[in-house]
Amino acid sequence: QEGVKCHLGYNQRDSGRGREEQREEGVKRWRTGLWSSGSNTIIAPPALPPDATAPWRSGNNSGHSWSSSRDHLGKGGSKGAEKQTWVDTKRVFVGGLGASMTETQIRNYFSKYGPVMKITMRIGFCYVKMEDEEIVRRVLEDYEKHRIADKWVECQACCHFGLPRGTLLKDHLCVSGLEGRKDIGEFELRNYFTRYGAVKEVDLQINRGVAFMVFESCSTVQLVLHDYLLHRINGIWVEVKPVVDAPGGRKETAAGVRGSEGGSASG
């Protein structure tokens, strides 16, 4: 499977460091505010949720999880906290559930990937918590294949980005944090993200510090979002977010970033 090969290569390309070590480094930078973005400018990244003192702790399970839910952003959180970005690397969002689907059916299906720790049922969707994040990766790699009770269900990375209203473009991503990055062009973007899967289009808007990208597979997009905190090009973190087709034909993501007017992300 191409996705599996890509991600084995991912660890090898990064000087032999595993994802666990990268995440440890990432959270240290996050907590201290030492996150670089272009021209060596030091900026603070989006805030961690209020209870984020423990999610990165290593337990008996492999991997780490920046674990946050809307409940975490509720009591004691600041006004508008739900707009914060969060990613839970040990949970999968499962959409498109049939009205008659049961928790037992869902548990039985996902158990073939690994131990299921918890299922939170909602009307038409659910959250499935797995034992570790590598199991979640395998689920996301099989994006097109998931069928429960003869019905395709959509498995996505469990994350929240405060997107504007619009239709989600499932094969698109926006890469930001490129301000002043003369060392990053279309070649570097393609070279980096191809490790996750095939890249179809890159619309680099360097004067605005963003790039809108289109991928061959929706599973690639989900894997990139799952690794939200890990994306470093030439040593500096870049932020990836989903893209929606907003009213007027504009491509938009969180924080008001817009693509080309009235056209596709490729201009």
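Residues numbered from 1 in each chain as written. Predicted model: local features only at pLDDT ≥ 70, side-chain atom pairs only at ≥ 80, totals over all residues. Heavy atoms only, no water.

K.L.:
Even after reading the chapter, I still don't get the pattern of salt bridges, so can you show me in this structure?
P.N.:
Where side chains of opposite charge bring their charged atoms close, a pairing between them can arise. Counting across every chain of the model gives 9 salt bridges. Taking the shortest distance from any N to any O, the salt bridge between R137 and E134 comes out at 3.9 Å. One end of the pair, R137, and the other, E134, are both in helix α4 (residues 133-141), 3 residues apart, so they sit about a helical turn from each other. R137 sits in the buried class, given a relative accessible area of 2%. Note that E154 and K170 form a salt bridge whose closest N and O atoms lie 3.0 Å from each other. A residue pair is termed long-range when its members are at least 10 positions apart, and E154 in strand β8 (residues 154-160) and K170 in the loop between β9 (167-168) and β10 (172-176) qualify at 16 residues. (Salt bridge = Lys/Arg side-chain N within 4 Å of Asp/Glu carboxyl O. Helix = DSSP H or I, 4+ residues; strand = E, 2+ residues; numbered from the N terminus. Buried < 20%, exposed > 50% of the residue type's maximum accessible area, 1.4 Å probe, protein only.)

K.L.:
Is there a simple way to explain the nonpolar core in this structure?
P.N.:
The nonpolar side chains of soluble globular proteins are, as a tendency, buried together. V94, F110, V128, V175, L189 and F193 are the most contacted members of the largest nonpolar core, which totals 46 residues. Leaving out residues up to four positions away in the same chain, V175 has contacts with L189, F193, G209, V210, A211, M213, V238, E239 and V240. (Core = buried A, V, L, I, M, F, W, Y, C linked by side-chain atoms within 4.5 Å. Contact = heavy atoms within 4.5 Å.)

K.L.:
Please explain unusual backbone geometry as it appears in this structure.
P.N.:
Glycine aside, negative phi is the norm for most residues, and most peptide bonds take the trans geometry. Of note, A149 is a non-glycine position whose phi angle comes to about 55 degrees, a positive value. One can find A149 in the loop between β6 (147-148) and β7 (151-152). In the Ramachandran plot, D150 falls in the positive-phi region, its phi being about 65 degrees despite a non-glycine side chain. With respect to the helices and strands, D150 occurs in the loop between β6 and β7.

K.L.:
What should I look at first to understand the packing of α4 against helix α6 (residues 218-226) in this one?
P.N.:
Two quantities define a packed helix pair, namely the angle between the helix axes and the distance between the axes. Viewed as axis vectors pointing N to C, α4 and α6 meet at an angle of 160 degrees, and their least axial separation amounts to 8 Å. Here α4 lies roughly antiparallel to α6, going by the angle between them. Between α4 and α6, the residues in contact are E133, V136, R137, L140 and E141 and S219, Q222, L223 and H226, respectively. When its residues are assigned to classes, the contact of α4 with α6 shows 3 nonpolar, 3 polar and 3 charged. (Axes fitted to C-alpha atoms, helices over the stretch in contact; angles between N-to-C directions. Parallel < 35°, antiparallel > 145°, perpendicular 65-115°, else oblique. Nonpolar A, V, L, I, M, F, W, Y, C, P; charged D, E, K, R; others polar.)

K.L.:
Sorry if this is basic, but what is going on with the side chain of S219 here?
P.N.:
Along the chain, S219 turns up in helix α6. At 2.6 Å, the side chain of S219 forms a polar contact with the side chain of S217. Non-local contacts of S219, meaning those with residues more than four positions away in its chain, are made with L140, E141, Y143 and E144. (Polar contact = N/O pair within 3.5 Å; in protein donor to acceptor, adjacent residues only side chain to side chain.)

K.L.:
Explain the sheet that holds strand β4 (residues 116-122) here, please?
P.N.:
Whenever strands of a sheet pair, they do so through backbone hydrogen bonds, lying parallel or antiparallel. An order of β4-β5-β3-β8 is seen for the 4 strands of this open sheet, with the pairing classed as antiparallel. At either end of the open sheet lies a strand with only one pairing partner, and these are β4 and β8. Neighbour-to-neighbour, the strand axes of the sheet open up by a mean angle of 30 degrees, direction not taken into account. For strand β3 (residues 86-95) and strand β5 (residues 125-130), the ladder comprises 5 bridges, and the chain directions are antiparallel. Across the sheet, the residue bridging to V92 is V128, located in β5. Seen against the sheet, α6 touches β3 and β8 and runs at an angle of roughly 30 degrees to β8. (Pairing = 2+ DSSP bridges.)

K.L.:
Looking at this structure, I do not really get the packing of aromatic side chains. What am I missing?
P.N.:
In this description, an aromatic ring pair is defined by two values, namely the gap between the centres and the angle between the planes. Taken as a whole and judged by the stated rule, the model has 11 aromatic pairs. Relative to F193, the ring of Y192 has its centre 4.8 Å away and its plane inclined at 90 degrees; by these criteria the two rings are edge-to-face. By relative accessible area, Y192 is classed as buried at 5%. On the accessibility criterion, F193 (0% relative accessible area) is buried. Each residue in the set Y192, F193, Y196 and F215 is aromatic and connected to the rest through ring pairs, giving one cluster. (Phe/Tyr/Trp six-rings, centres within 6.5 Å; stacked < 30°, edge-to-face > 60°.)

K.L.:
How should the confidence of the model for the chain be read in this particular structure?
P.N.:
A residue-level look at the chain finds 64% of positions with pLDDT of 70 or above and a mean pLDDT of 74. Across residues 260-267, confidence stays below pLDDT 50; counting only partners more than four residues off in sequence or on other chains, it has 21 contacts. (pLDDT = per-residue confidence, 0-100.)

K.L.:
Just checking my understanding: could you explain the sheet that holds strand β15 (residues 239-241) for this structure?
P.N.:
One open sheet holds the 4 strands; their spatial order is β11-β12-β10-β15, and the pairing between them is antiparallel. Looking at strand neighbours, the two that pair on one side only are β11 (199-205) and β15, the edges of this open sheet. Shown here is a sheet whose adjacent strand axes are inclined to one another by a mean of 20 degrees, direction ignored. In this structure, β11 lies alongside strand β12 (residues 210-215), joined through 6 bridges in antiparallel fashion. Directly across from V202, in β12, lies its bridge partner M213. With respect to the sheet, α6 is in contact with β10, β12 and β15, its orientation differing from that of β10 by roughly 35 degrees.

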